[in-house]
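# A closer look at the structure
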Amino acid sequence: MQEEGLDNSWQRHQRHHQALVAGLAAMGLEMLVPEEERLAQLNAVVIPEGIDDLAVRQQLLAEYNLEIGAGLGAFAGKVWRIGLMGYAANQTNVLHCLSALESALQRQSHRFTPGEAIKAAIAVYQ
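Residues numbered from 1 in each chain as written. Predicted model: local features only at pLDDT ≥ 70, side-chain atom pairs only at ≥ 80, totals over all residues. Heavy atoms only, no water.

### Points about unusual backbone geometry
Here the phi dihedral of N65 falls at roughly 50 degrees; this positive angle occurs in a residue that is not glycine. A positive phi angle, close to 65 degrees, is found at S109, a residue other than glycine. Relative to the assigned elements, S109 resides in the loop between helix 3 (91–107) and helix 4 (116–125). For S109, a relative accessible area of 58% corresponds to the exposed category. (Helix = DSSP H or I, 4+ residues; strand = E, 2+ residues; numbered from the N terminus. Buried < 20%, exposed > 50% of the residue type's maximum accessible area, 1.4 Å probe, protein only.)

### Quick look at helix 3
Its 17 residues give helix 3 an end-to-end C-alpha distance of 25 Å, which sits within 8% of 24 Å, the value for a rise of 1.5 Å per residue. Considering only its buried residues, helix 3 is in contact with helix 1 (6–26), helix 2 (53–64), strand 4 (79–83) and helix 4. Measuring from the side-chain oxygen of the N-cap residue of helix 3 to the backbone nitrogen of T92 gives 3.1 Å; that N-cap residue is N90. Count one or two residues on from helix 3 and you reach S109, which has phi positive near 65 degrees. (Expected span 1.5 Å × (residues − 1). Contact = heavy atoms within 4.5 Å. Polar contact = N/O pair within 3.5 Å; in protein donor to acceptor, adjacent residues only side chain to side chain.)

### A closer look at helix 2
Helical geometry note: an α-helix holds 3.6 residues per turn, so side chains three or four residues apart project in the same direction. The terminal C-alpha atoms of helix 2, which comprises 12 residues, lie 16 Å apart, in line with the 16 Å expected from a rise of 1.5 Å per residue. D53, V56, Q59 and L60 are the residues of helix 2 that are buried. Along the axis of helix 2, the buried residues cluster in a sector spanning 140 degrees; they form a single face. Structurally, helix 2 contributes buried residues whose contacts are with strand 3 (69–70), strand 4 and helix 3. The opening residue of helix 2, the one whose side-chain oxygen lies 3.2 Å from the backbone nitrogen of L54, is D52. (Arc of directions from axis to C-beta.)

### Considerations on the packing of helix 1 against helix 4
Two elements in contact, helix 1 and helix 4, have axes separated by 7 Å at closest approach and are oriented at 150 degrees. Classified by the angle their axes make, helix 1 and helix 4 are roughly antiparallel. Note that helix 1 runs across helix 4; the crossing there is right-handed. Here R15, H16, Q18, A19, A22, G23 and A26 of helix 1 lie close against helix 4, whose contacting residues are E116, A117, A120, A121, V124 and Y125. (Axes fitted to C-alpha atoms, helices over the stretch in contact; angles between N-to-C directions. Parallel < 35°, antiparallel > 145°, perpendicular 65-115°, else oblique. Left-handed = near helix turned anticlockwise from the far one by under 90°.)

### What about the environment of L24?
In this structure, L24 sits in helix 1. On the basis of relative accessibility, which here comes to 0%, the residue L24 falls in the buried class. As for L24 and G115, which are separated by 91 residues in sequence, their C-alpha atoms are 11 Å apart. Ignoring any residue separated from it by four or fewer positions in sequence, one finds L24 in contact with L29, M31, V45, L98 and L101.

### What about the pattern of salt bridges?
Counted by the stated rule, this structure contains three salt bridges. E63 serves as the salt-bridge partner of R107, at 2.7 Å between the closest nitrogen and oxygen. Residue R107 is found in helix 3, and its partner E63 is found in helix 2; the two are separated by 44 residues along the sequence. Taking relative accessible area as the criterion, R107 reaches 54% and is therefore assigned exposed. (Salt bridge = Lys/Arg side-chain N within 4 Å of Asp/Glu carboxyl O.)

Structure below.
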């Protein structure tokens, strides 16, 4: 952070957050927290009705070496927590996360157009 600078770090996290949110929206996923109250480093994503939270997280870990957090307390089974922190906040990780989530949600018959999440994220990066 010393080399990058605080302002640049905040901007980088915000950019990757925006790309992630765009990709999630393209899959029909919603954020829990209103836009004006969000922290770019921790993204709470509402789990769609009928989606098996644990099965998705297990598939992501087993097949993609990707770990996303489960909801805690009253949000257990209702949200996923996706972190974009520090060095991990980069385009490669955002696109990997979106691609892996697409695969996991397709297995659960979640309705969306495959490939649109990546397109939406890339549009933010351009």
